Amino acid sequence: MGFLTYLINGLSLGSVYAIIALGYTMVYGIAKMLNFAHGDVIMIGAYVTFIGMSSSGIPAVPAIVISIIVCTALGMLIEKVAYSPLRKATNLAVLITAIGVSYFLQNIALLLFGSNPVSFTSVVKWQGLSLAGGQLKITGNAIVTIISCLIIMVCLMWFVKHTKPGQAMRAVSEDRDAATLMGINVNATISLTFAIGSGLAAVAGALLCSSYPSLTPYTGSMPGIKAFTAAVFGGIGSIPGALLGGLLLGIIEILAKAYISSQLADAIVFAVLIIVLLVKPTGILGKQIKEKV
Amino acid sequence: MAMLIVKDLKVNYGVIQALKGISFEVNEGEVIALIGANGAGKTTTLQTISGMLTPSSGQILLRDTNITKIPGHKIVSMGMAHVPEGRRVFAQLTVLENLKMGAYTRSNKREVADTLERVYESFPRLKERQNQMAGTLSGGEQQMLAMGRALMSKPSIMLMDEPSMGLSPIYVEEIFSIIQSISKAGTTVLLVEQNAKKALAIADRAYVLETGNIVLSGDAKTLMNDDSIKKAYLGE
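Below you will find a few notes about this structure. (Residues numbered from 1 in each chain as written. Chains lettered and ligands numbered in written order. Predicted model: local features only at pLDDT ≥ 70, side-chain atom pairs only at ≥ 80, totals over all residues. Heavy atoms only, no water.)

**Some thoughts on the overall build of chain A**
Thought 1: A tally of regular secondary structure across chain A gives 11 helices and four strands.
Thought 2: By the compact-globule yardstick of 19 Å for 293 residues, chain A fits well, its C-alpha radius of gyration being 19 Å.
Thought 3: Projected onto its principal axes, the C-alpha positions of chain A cover 60 × 45 × 35 Å.
Thought 4: Restricting to contacts in chain A with at least 6 residues of sequence separation, those with at least 24 account for 73%.
Thought 5: Per element, the accessible surface of chain A, about 13200 Å² overall, is 70% carbon and sulfur.
Thought 6: Charged side chains in chain A number 16 positive and 8 negative. The centres of these two groups are separated by 6 Å. (Helix = DSSP H or I, 4+ residues; strand = E, 2+ residues; numbered from the N terminus. Rg over C-alpha atoms; globule rule 2.2 N^0.38 Å. Contact = heavy atoms within 4.5 Å. Areas by Shrake-Rupley, 256 points an atom, 1.4 Å probe, with all protein chains shown as cover. Lys, Arg positive; Asp, Glu negative; His and termini not counted. Charge placed at Lys NZ, Arg CZ, Asp CG, Glu CD.)

What follows is the structure in structure tokens.
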């Protein structure tokens, strides 16, 4: 039963990685940039949810909704102020700016919330299930996290495939100039992508801190990097790839912690990434794009 | 009546002046060819007209509306479609999705479905392959898709950049006859081509570009018999 419990915990952690990885992968696919500030948006989102629930006594769901709104606005603001002036700059300039934005957000959080960890109250009140005569316990957090992740995935895949803004995203991700010639507003599409990614980051922040309740201004950075790894693992730019990469990463991390060594768990995760990239440089679901000339 | 007027257009790439003040007109219903060697500024001209590049000075009027400063994505719904150089179809979308993308700015679903039917009538091969990824089409089929996609916006004027480039002779013939039928159906055409012979054969009038200047213009049939044109562009 131990293995099953670990597996479910791994799926739950992996679901959080997957939701975060979506933000990385969509922004990379459409804006062709790595938004390293994405992890810190998660942290801001978690603080907003925390303040809503603990200080203002708002129930969990409306607190998360407020956090989604704040993060969506924050994501669009970051894009507008920091990234959109660099649309024609080199990739390196944009990457360094993203790292700068990441530190900026961490320092703003330090200033506003201090460096002492706050104890996040779980957004899930339900204790969960106890199966097989109490031998297999599944926490409410894990169930809610996994289900949220699946719902988000299905909605997003439907959105990208069947709505006009979703179609615009696919077009922009493939060829920005050709998309413009179709009448698609590329800047608006990129802004929408940041909005969606950052809104999801708010959800991820609440779910992450429900399972790992110690919240500091640096809470977002490690999950952010791991989710980025998950996105690369699954094939950056691919939405199903983010799901697969996130889940696998979560499972590997938890199993490594359980059976090998909790100190080595992160090293093992990254070693697996290196091996995957050596065998398949585009990631598991990444496509090698062949173009006809 | 003038569909498109370009007045003293200048475009710079950094310190290099790609267009040095060109002026020309396209009248409603005409097929106008813009011919010239590599690097003469043909593609730059089209890209500036459709808003992909910003000119340093000059004016572009589409049916008396000044579109010089209007961003590219807004020009489509004003009745201009641009078939870019190298076709630029969305390789990972299906043929049908590509065509629907062409109608992105149109909201009336029934009218779009009508236009789609008409595009399929002109390009039966696209209908056969509607669920295939565009990246798997042959070069000639991709060119047809790029043209069909542009027609989906129901343009009154179509800019075409090197539609025959890299195609086999059979497809070249087919593409030029398609351009003629697009013109007959009432769409004004501004055609950029290196294949000057074919372009002049279907054009009403033509302009000759040389290193950012228009050096010659006139009736296409007259230009075809012009000695300097024959020597420089027709290889005779």
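**Some points on the interface of chain A and chain B**
Thought 1: On the chain B side, the residues contacting the 22 residues of chain A number 27 residues.
Thought 2: When the two sides are added together, the surface that chain A and chain B hide from each other amounts to roughly 2200 Å², 57% of it contributed by carbon and sulfur.
Thought 3: Applying the counting rule to chain A against chain B returns four salt bridges.
Thought 4: Here B:Arg88 ties to A:Asp177 by a salt bridge, and the two come within 3.6 Å at their closest N and O atoms.
Thought 5: Inspection of the region where chain A meets chain B yields eight residue pairs in polar contact (both at pLDDT 80 or more). (Buried area = accessible area lost by both parts, 1.4 Å probe. Salt bridge = Lys/Arg side-chain N within 4 Å of Asp/Glu carboxyl O. Polar contact = N/O pair within 3.5 Å; in protein donor to acceptor, adjacent residues only side chain to side chain.)

**Some details on the sheet that holds strand E3 (residues 31-36) of chain B**
All names here are of chain B.
Thought 1: Strand order in this open sheet of six strands is E6-E7-E8-E3-E9-E10, and the pairing throughout is mixed. Each of the sheet's edge strands pairs with one partner strand only, and the pair in question is strand E6 (80-83) and strand E10 (213-219). Ignoring strand direction, the axes of neighbouring strands in this sheet form an average angle of 15 degrees.
Thought 2: Alignment of strand E7 (residues 157-161) against strand E8 (residues 188-193), held across five bridges, turns out to be parallel. Note that in E8 the partner of Met158 across the bridge is Val189.
Thought 3: In the packing of helix H6 (residues 139-151) onto the sheet, contacts are made with E6 and E7, and the angle to E6 comes to roughly 170 degrees.
Thought 4: Taken strand by strand, helix H7 (residues 169-184) contacts E3, E7 and E8, and its axis lies near 155 degrees from that of E8. (Pairing = 2+ DSSP bridges. Axes fitted to C-alpha atoms, helices over the stretch in contact; angles between N-to-C directions.)

**Focus: the environment of A:Ser211**
Residue and element names in this part refer to chain A.
Thought 1: As for its placement among the helices and strands, Ser211 is situated in helix H8 (residues 186-211).
Thought 2: Spatially, the C-alpha atom of Ser211 lies 7.1 Å from that of Ser122, the residues being 89 residues apart in sequence.
Thought 3: With residues up to four places along the chain from it excluded, the contact list for Ser211 reads Ser12 and Asn141.

**What about the pairing of strand E2 (residues 128-131) of chain A?**
Thought 1: Bridge analysis of E2(A) against strand E3 (residues 136-139) of chain A gives four bridges, and the strand direction is antiparallel. Counted as the bridge partner of A:Leu129 is A:Ile138 from E3(A).

**Some points on unusual backbone geometry**
All names here are of chain B.
Thought 1: Within the chain, Asp8 stands out as a residue other than glycine whose phi angle is a positive 45 degrees.
Thought 2: Mapped onto the elements, Asp8 comes out in strand E1 (residues 2-13).
Thought 3: Judged by its relative accessible area of 40%, Asp8 falls in the partly exposed class.
Thought 4: Its identity as a non-glycine residue notwithstanding, Thr211 has a phi of 35 degrees, on the positive side.
Thought 5: Inspection of the secondary structure puts Thr211 in the loop between strand E9 (205-210) and E10. (Buried < 20%, exposed > 50% of the residue type's maximum accessible area, 1.4 Å probe, protein only.)

**Observations regarding the pairing of E9(B)**
All names here are of chain B.
Thought 1: Examined bridge by bridge, E3 and E9 share five bridges and lie parallel to one another. Among the inter-strand pairings, Ile32 is bridged to a residue of E9, identified as Arg205.
Thought 2: As judged from the six bridges shared by E9 and E10, these two strands associate in the antiparallel manner. Its bridge partner lying in E10, Val208 is registered against Leu216.

**Describing helix H3 (residues 60-83) of chain A**
Residue and element names in this part refer to chain A.
Thought 1: Relative to the 34 Å expected for 24 residues at 1.5 Å per residue, H3 spans 32 Å between its end C-alpha atoms, a close match to the ideal helical length.
Thought 2: Along H3, the residues that are buried comprise Ala60, Ala63, Ile64, Ser67, Cys71, Thr72, Leu74, Gly75, Ile78, Glu79, Ala82 and Tyr83.
Thought 3: The inward-facing, buried residues of H3 abut helix H2 (38-55), helix H4 (91-113) and H8. (Expected span 1.5 Å × (residues − 1).)

**Examining the side chain of A:Thr163**
Thought 1: Of note, A:Thr163 is situated in the loop between helix H5 (140-162) and helix H6 (164-174).
Thought 2: A polar side-chain atom of A:Thr163 sits 3.1 Å from the main-chain amide nitrogen of A:Gly166.

**Points about the packing of aromatic side chains**
Residue and element names in this part refer to chain A.
Thought 1: On inspection of all chains with the given rule, the structure shows eight aromatic pairs over all chains.
Thought 2: Where Tyr24 meets Phe228, the ring centres are 5.5 Å apart and the plane angle is 50 degrees; that geometry is what we call tilted. Taken together, the residues Tyr24 in helix H1 (residues 2-31) and Phe228 in helix H9 (residues 221-234) connect sequence positions 204 residues apart. Assigned by exposure class, Tyr24 and Phe228 land together as buried.
Thought 3: Ring geometry for Tyr47 against Phe113: centres 4.0 Å apart, planes inclined by 10 degrees, an arrangement best described as stacked. On the criterion of sequence distance, the pair formed by Tyr47 in helix H2 and Phe113 in helix H4 is long-range, its members being 66 residues apart. (Phe/Tyr/Trp six-rings, centres within 6.5 Å; stacked < 30°, edge-to-face > 60°.)

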